[in-house]
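A closer look at the structure
Take a look at the letters that make up each chain.
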Amino acid sequence: MILSERFFGFITSRYGKWITVISWILISGILISTAPPLKESTQATDWLPSSAESTKAFKISVENFPQAGLPVIIVFRNQEVLSELDYDAAREIDSWLESNQESLKIQNIVSIFNTPEAKNELLSLDQTTMTLIVNISGNPSEDSFQESVQAIRDYVSNYRSDQLDLETGGPAGLYLDLIKVFLKIDGLLLYVTITLVLILLLLIYRSPIVAIIPLLCVGLVMQLALSIIAFISEDSSFLVVNGQSRGIMTVVLFGSGTDYCLFIATRFREELKNSGLSIDAMKKTMISIGGAVGSAGGTIIVASLILLLADLKSYQSMGPIIGIAIVIMTLASLTLVPAILTILGAKSFWPFIPKKSSNTRAEEGMLYGRIGKIVLKKPIFTLVATIITLGVMIFGVFGSQKSFDQLDSLPKDTESVRSFELLREGFSPGRLSPTNIFIENENIDLFDPKVVENFETLAKDILSTNLVDDVSYYVRPFGSYSDIGSSTILQSHKRNDSQLKPLFERSAQFISNDKNVVKFEVVLNVNPYSNEALDFIPKLRDVVNKSIESSSISQSITYIGGETAEAFDTRQSGDRDTYLVLPIILIAIGVILVLLLKSLVAPIYLLATIIFTYFSTLGLAIFIFENVFDQASITPGLPFFLFIFLNALGVDYNIYLMSRLREENLKANLDVAVLKTLALTGGVITSAGLILAGTFSALMSLPLKDLFQLGFAVAIGVLIDTFITRTLIVPALVKLLGRYNWWPSRQFINN
């Protein structure tokens, strides 16, 4: 206590307040101006644990089967059948690409015109859909690469007609669309968030000065946090950042940071009415609520540290990103914010400057005081009514489905999404994203008849499973049902025949340069992102392992990868993290509440309300997604991140409410303390809840389904927590438990 008095005494002193502000400006200026550019990732395997089999398969693929550039896939579709006019359009596009190969940095083009032997793969069986593949060299993050993709899109769009659907997508097109979306995240999200927070602060305080102070402080902290993250991620793979994690960090920072400023400014205004002197008022403010603000920040920081235990790097890396931001924001809330408010004094609240007065309005006459009276009069009725209301919402959770399809997150009108939809209509759904099997063995001759027989047996074993549509490998590079037999392919490797050269080149795509790794491509007959496909991955791994073990190449090492396997491993790791990390975070929050409240009872029921509110929110959100927004599935990370943000941020209100209740209960009996606490903190908690809900609702303005759902769910959860849990349920429990709220504290409470 003495230490905190000295600390806050210096921060708010005549010279200390200026030293604090100047120090922040100097240190921030140096770090921000010298920070390197922030590196961001869009590669799915960057988010999987290194121990996952699909991650190992991806590394094998990169090392042994490097792509000849990133492919653009041009999709032609005529619902009746592709006409001669459609084929003419395709020829003209193919010729234009050939003539502009150098300027567009095209490595190669694969079409039915220059590679007729690949017709079975490029043209659908019903002759309605055809693809033309263009491999573009260069780094996808470079402007020249993106300009090439856009140029192809612009030219191809000229050939669309009423009969011919024509879209340009593929991995390169998808990358370009993701870049455009993430660019929107940075600008649009920041603009929407700042606008929402400023409007809410102006409505709450009706003062432009105190409304701008939190925005300036949070803005400075955000730039400082991004600079520190850039320093850390520059030479390390530990911290993986993308536009989505940056977006979430922005709303968490603006939401929690503005709340901390709000708690401080509101208590400062209250103390100004009591003392009239800004230095004394701020010192009393920080001594009273500095611990609560520090604890509120501490819960998020602790939760962020616990995220390091997660397997999924998308969860794991989010911890340090948010943790770094909140550490800086908490320090700013305990130093910079009080220093600025002390310098400005009562003028912070202009034009409604608080004046010293002892004639404050009676607490019980205020809105939340009146609500408190009702709760204290009928605590059991309040508790039962609210539990039934929230309990009904939980039923929305049952029967919900998670989607692991990356395209589901993008807007439906995105060209890469439209191109994939055309492909799904014309081809086997699994052909869009084949599952890859890599077989590594340094001691075999791939052209030994016995080895060839073993691989043919493996292909038959895979085909015998009910979800496999086709298998391609070096002996059958055009698929198991191709007219080109294995004997012809093997001859192309033995004879230097120009007529067989295209077959040789196609077959060689399934063999590594050192001939130590063989690749199998497995096409499923179901949506490769469906739960049915994901559930098939362990069965496929089992079939492959058993077939290899019973053959003469049993010493081989197998890896199964591709987007379906990556989605399966993501689901497995996500489930593991949910059942391990979330309970640890809940326990950590409980420990913080025990230390702050010096009670074992209050933290137990506060944690129970947290869990109850979480499931109610999740159920209500899923119900609205399905029945209002027509979204049949939720994103895989929604339940996890909703728990993190709803609890780590929502517990701030628990801390602010219960620490003030304990303070007031030391001065008066419990009923009076509850009334006064609700009257004095109800408005602040409501305002803070509206700001936090507003900042997360800003995510709904973005074109990514993942962020839309997270923003909506957290906003709904914060409002439920603010208006029902903290205002009705917690006071009712406090009333029913009486003095046992503070057990086993030996400090006697007045009655």
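The structure we're discussing is the one just above.
Our subject in this report is the structure included herewith. What you are looking at is a predicted structure, and each value in this text was computed from that prediction instead of being measured. (Residues numbered from 1 in each chain as written. Predicted model: local features only at pLDDT ≥ 70, side-chain atom pairs only at ≥ 80, totals over all residues. Heavy atoms only, no water.)

Time to look at the overall build of the chain. When you go through the chain residue by residue, the secondary structure sums to 25 helices and eight strands. When the backbone C-alpha atoms are referred to their principal axes, the chain occupies close to 100 × 50 × 50 Å. Out of the 751 residues belonging to the chain, those deemed buried represent 55%. Expressed as a percentage of contacts within the chain between residues at least 6 apart in sequence, the contacts between residues at least 24 apart total 80%. Per element, the accessible surface of the chain, about 31900 Å² overall, is 58% carbon and sulfur. Side chains of the chain carry 59 positive and 71 negative charges; the gap between the two charge centres is 17 Å. (Helix = DSSP H or I, 4+ residues; strand = E, 2+ residues; numbered from the N terminus. Buried < 20%, exposed > 50% of the residue type's maximum accessible area, 1.4 Å probe, protein only. Contact = heavy atoms within 4.5 Å. Areas by Shrake-Rupley, 256 points an atom, 1.4 Å probe, with all protein chains shown as cover. Lys, Arg positive; Asp, Glu negative; His and termini not counted. Charge placed at Lys NZ, Arg CZ, Asp CG, Glu CD.)

Formed by 156 residues in total, the largest nonpolar core has its most connected members in Leu341, Phe645, Met658 and Phe696. Top contributing element to this core by residue count: helix H23 (residues 638-665), with 17 residues. Contact partners of Leu341, with chain neighbours within four places excluded, come to Val210, Ile213, Ile264, Ala265, Phe268, Met282 and Ser348. (Core = buried A, V, L, I, M, F, W, Y, C linked by side-chain atoms within 4.5 Å.)

Under the 1.5 Å per step criterion, the end-to-end length of helix H20 (residues 531-549) is 28 Å for 19 residues, consistent within 8% with the ideal 27 Å. Ile537 marks where H20 bends most, by close to 30°; the proline Pro538 follows one to four residues later. If you check which residues of H20 are buried, you get Ala533, Leu534, Phe536, Ile537, Leu540, Arg541, Val543, Val544, Ser547 and Ile548. (Expected span 1.5 Å × (residues − 1). Bend = angle between axes of the 7 residues up to and from the residue.)

Okay, the sheet that holds strand E2 (residues 106-110) next. Spatially, four strands are ordered E2-E3-E1-E4 in an open sheet, and the strand pairing comes out antiparallel. In this open sheet, the two strands that pair with only one neighbour each are E2 and strand E4 (165-169). Adjacent strand axes in the sheet meet at a mean angle of 15° when their direction is disregarded. Relative to strand E3 (residues 129-136), E2 runs antiparallel, the two being bridged by four bridges. Bridge pairing in E3 links Val110 to Ile133. Against the sheet, helix H16 (residues 415-426) contacts strand E1 (70-77), E3 and E4, and its axis sits at roughly 120° relative to E4. (Pairing = 2+ DSSP bridges. Axes fitted to C-alpha atoms, helices over the stretch in contact; angles between N-to-C directions.)

This part takes up helix H10 (residues 278-306). Taking 1.5 Å of rise per residue, 29 residues should cover 42 Å, and H10 covers 39 Å from first to last C-alpha, within 8% of that figure. Along its length, H10 shows its largest kink, about 50°, at Ile289.

Where side chains of opposite charge bring their charged atoms close, a pairing between them can arise. Within the structure shown, the criterion is met by 24 salt bridges. Here Lys501 and Glu505 are joined by a salt bridge, their closest N and O atoms 4.0 Å apart. Taken together, the residues span about one helical turn, with Lys501 and Glu505 both in helix H19 (residues 501-508) at a distance of four residues. When the shortest N-O distance is used, the salt bridge between Glu664 and Arg660 registers 3.0 Å. In this pair, Glu664 and Arg660 are both assigned in helix H23, four residues apart and thus about one turn of the helix distant. The class of Glu664 is buried, set by a relative accessible area of 3%. According to the relative accessible area criterion, Arg660 is buried, its value standing at 6%. Here the residues in one salt-bridge network are Arg153, Arg160, Glu167, Asp177, Glu415 and Arg418, joined through shared partners. (Salt bridge = Lys/Arg side-chain N within 4 Å of Asp/Glu carboxyl O.)

In this section: the pairing of strand E7 (residues 517-524). Within E7, seven of the eight residues are buried, which leaves it mostly tucked inside the rest of the structure. Here strand E5 (residues 435-440) pairs with E7 via six bridges, running antiparallel. Bridge assignment links Glu440 to a residue of E7, and that residue is Val517. Here strand E6 (residues 468-472) runs beside E7; their pairing, made up of four bridges, is antiparallel. Bridging from a neighbouring strand, Ser472 pairs with Glu521 of E7.

Moving on, we come to the packing of aromatic side chains. Aromatic rings in a pair are described by how distant their centres are and how their planes are angled relative to each other. This model, assessed by the stated rule, comprises 24 aromatic pairs. With centroids separated by 4.0 Å and ring planes inclined at 5°, the aromatic side chains of Trp96 and Tyr155 adopt a geometry described as stacked. With Trp96 in helix H4 (residues 84-99) and Tyr155 in helix H6 (residues 143-156), this residue pair connects regions lying 59 residues apart in the sequence. Ring geometry for Phe395 and Phe398: centres 6.1 Å apart, planes at 50°, overall tilted. Comparing Phe395 with Phe398, the two get one shared label, exposed. (Phe/Tyr/Trp six-rings, centres within 6.5 Å; stacked < 30°, edge-to-face > 60°.)

Turning our attention to unusual backbone geometry. Residue Pro351 follows Trp350 across a cis peptide bond; omega there is 10°. Counting through the fold element by element, Pro351 comes out in the loop between helix H13 (336-344) and helix H14 (367-377). Between Trp743 and Pro744 the backbone carries a cis peptide bond, its omega angle lying at 5°. As for its placement among the helices and strands, Pro744 is situated in the segment after helix H25 (705-737). Despite not being glycine, Lys515 has its phi angle at roughly 60°, a positive value. You can see Lys515 is positioned in the loop between H19 and E7. Lys515 gets classed as partly exposed once you look at its relative accessible area, which sits at 43%. Residues other than glycine seldom take positive phi values, yet Asp630 does so here, at roughly 55°. Tracing the chain through its elements places Asp630 in the loop between helix H22 (601-627) and H23.

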